[in-house]
Amino acid sequence: MTESPSLSGPGVTSTTGQLDPHRLVQSGRVPAHAEMARRAARFGIWYYAETVLRGMRAYAWPIMFYAVGQPLLYMVAMGIGLGALVDSGAGSVEGVSYLMFVAPALLISTAVMSVSAEMTYPIMAGFKWQRLYYGPLASAISPGQIALGHLLAVGIRFLIQTLIFWLIMLAFGAAPSPWSWLIVPIGVLTATSFGAPLQAYAATVQDEGFQFSFIQRFVVMPMFLFAGTFFPLSAMPAYLHWIGWISPVWHGTELARWAAYGAALTPMMAAVHLAFLLATTGLGLVMGVRVYTRRLRS
């Protein structure tokens, strides 16, 4: 066996002496197979996340239009439309304007509804329609890294999306607290707390059916309507409160409202909300790695 050619030298390094990937490709020299395998085994999650993000470039403009257009429409509708009617009638909701009350919840709900789309049909495509998950298995990347890499890429997308939503909230005066920037990580965590278990479930689905439509209609939509998005959970009948208690939307919304305008929240309840979101995210990650490993290794 012959060794791969040396990667050092002016042909493949930048002016700072660091390895330049672009010059390396142009030089025709590549790392040894063992080195590439070592890198894949170590950074497989990031490699697969990059693959998913590059795939998202095909519909980058629709994503940006959605990320900017939807919060703008929500802010106008709640600030000039419904919000004006509520404020003129009730005066305020929990001591703040209706726009300020509902805006953090809309950010959380938008993230959860969006992640429900990313963690259903694209998962099916990876296993069955396009079979994109099987190519990386020829390398040192493990099934667990594929699962985590896909979720990481989606999380990066929602980091940008929630950041845009928060900036629009600032423009409309709906996030006056100096801690309002915490809405961004709260939104991402809430998205993963629903997206990670959903990804694990979607990976178990073998054939197309009504499973994903059922989730949209009977899980996502009730969370959007009955988890304290448009009115306080306490305003609902007591027999419906459980929908909020088991919903990531309610837990994320309570934290987001505290961050946005200082809504009343005891340290104990803040810990409960955070623990719920972290626990569901962690459970989803563990389940996802196991399901991906079982299915891709079978």
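Refer to the structure above for everything that follows.
About the thresholds
- Residues numbered from 1 in each chain as written.
- Predicted model: local features only at pLDDT ≥ 70, side-chain atom pairs only at ≥ 80, totals over all residues.
- Heavy atoms only, no water.
- Helix = DSSP H or I, 4+ residues; strand = E, 2+ residues; numbered from the N terminus.
- Expected span 1.5 Å × (residues − 1).
- Buried < 20%, exposed > 50% of the residue type's maximum accessible area, 1.4 Å probe, protein only.
- Patch = residues over 30% accessible without salt bridge, like charges linked within 9 Å, V, L, I, M, F, W, Y side chains within 5 Å.
- Areas by Shrake-Rupley, 256 points an atom, 1.4 Å probe, with all protein chains shown as cover.
- Salt bridge = Lys/Arg side-chain N within 4 Å of Asp/Glu carboxyl O.
- Axes fitted to C-alpha atoms, helices over the stretch in contact; angles between N-to-C directions.
- Parallel < 35°, antiparallel > 145°, perpendicular 65-115°, else oblique.
- Left-handed = near helix turned anticlockwise from the far one by under 90°.
- Contact = heavy atoms within 4.5 Å.
- Nonpolar A, V, L, I, M, F, W, Y, C, P; charged D, E, K, R; others polar.
- Core = buried A, V, L, I, M, F, W, Y, C linked by side-chain atoms within 4.5 Å.

Novice: In this structure, what is going on with helix 7 (residues 183-202)? I would like to understand it.
Specialist: Given 3.6 residues to a turn, an α-helix orients residues that are three or four positions apart in the same direction. Between its first and last C-alpha, helix 7 extends 28 Å over 20 residues, near the 28 Å set by a 1.5 Å rise per residue. Among the 20 residues that make up helix 7, 17 are buried, leaving the element largely enclosed by the rest of the structure.

Novice: Would you mind going over a nonpolar patch on the surface with me for this structure?
Specialist: A cluster of nonpolar residues, Trp61, Met64, Val68, Leu72, Val76, Ile80 and Phe172, forms a patch on the protein surface that exposes about 690 Å² of accessible area. With respect to the helices, strands and loops of the structure, tryptophan 61 is situated in helix 3 (residues 60-90).

Novice: What am I meant to see in unusual backbone geometry here?
Specialist: Backbone geometry at arginine 131 places phi at a positive 55 degrees, although glycine is not the residue there. By secondary structure assignment, the location of arginine 131 is in the loop between helix 5 (121-129) and helix 6 (143-171). According to the relative accessible area criterion, arginine 131 is partly exposed, its value standing at 47%.

Novice: Just checking my understanding: could you explain the packing of helix 7 against helix 8 (residues 211-226) for this structure?
Specialist: Any two packed helices are characterised by how steeply their axes cross, that is the angle between the axes, and by the distance between the axes. Running from N to C, helix 7 and helix 8 cross one another at 160 degrees; their axes reach a closest spacing of 13 Å. The angle between the axes of helix 7 and helix 8 places the two elements in the roughly antiparallel class. Seen from above, helix 7 lies across helix 8 with right-handed handedness. In this structure, helix 7 contributes Phe194, Leu198, Tyr201 and Ala202 to the contact, and helix 8 contributes Gln211, Phe212, Ile215, Val219, Val220 and Met223. The residue inventory of the contact of helix 7 with helix 8, partitioned by class, reads 9 nonpolar, 1 polar and no charged.

Novice: Even after reading the chapter, I still don't get the nonpolar core, so can you show me in this structure?
Specialist: Judged by nonpolar contacts, the single largest core of 78 residues is most densely connected at Met169 and Tyr292. The biggest single contributor to this core is helix 4 (residues 98-118), with 13 residues. Aside from chain neighbours lying at most four places away, what touches methionine 169 is Met75, Ala103, Pro104, Leu107, Ala174, Ala175, Ile183 and Ala260.

Novice: Quick question: what am I supposed to make of the environment of alanine 153 here?
Specialist: For alanine 153, the location among the structural elements is in helix 6. Note on alanine 153: relative accessible area 0%, which makes it buried. In contact with alanine 153, not counting residues within four places along its chain, are Ala49, Val52, Leu53 and Met56.

Novice: Sorry if this is basic, but what is going on with the pattern of salt bridges here?
Specialist: Two side chains carrying opposite charge are able to pair once their charged atoms lie near each other. Evaluation of the coordinates by the stated rule reveals 4 salt bridges. Residues glutamate 50 and arginine 54 are paired through a salt bridge, measuring 2.9 Å at the closest nitrogen-oxygen approach. Taken together, the residues span about one helical turn, with glutamate 50 and arginine 54 both in helix 2 (residues 33-56) at a distance of 4 residues. The class for arginine 54 is partly exposed, based on a relative accessible area of 47%. When the shortest N-O distance is used, the salt bridge between arginine 157 and glutamate 118 registers 2.3 Å. You can see arginine 157 sitting in helix 6 and its partner glutamate 118 sitting in helix 4, a full 39 residues away along the chain.

Novice: What exactly am I supposed to notice about helix 5 here?
Specialist: Listed in full, the buried residues belonging to helix 5 are Ile123, Met124, Ala125, Gly126 and Phe127. With its phi angle positive at about 55 degrees, arginine 131 sits one or two positions after the end of helix 5.

Novice: How do you make sense of the packing of helix 4 against helix 10 (residues 248-261) when you look at a structure like this?
Specialist: Helix 10 packs onto helix 4 with a crossing angle of 135 degrees between their chain directions and a minimal axis gap of 8 Å. Taken together, the axis directions place helix 4 and helix 10 in an arrangement best described as oblique. Relative to helix 10, helix 4 is oriented so that their crossing is right-handed. The residues of helix 10 that touch helix 4, namely those facing Met100, Phe101, Val102, Pro104, Ala105, Ile108, Ser109 and Val112, are Val249, Gly252, Thr253, Ala256, Arg257, Ala260 and Tyr261. Class assignment of the residues belonging to the contact of helix 4 with helix 10 gives a composition of 11 nonpolar, 3 polar and 1 charged.

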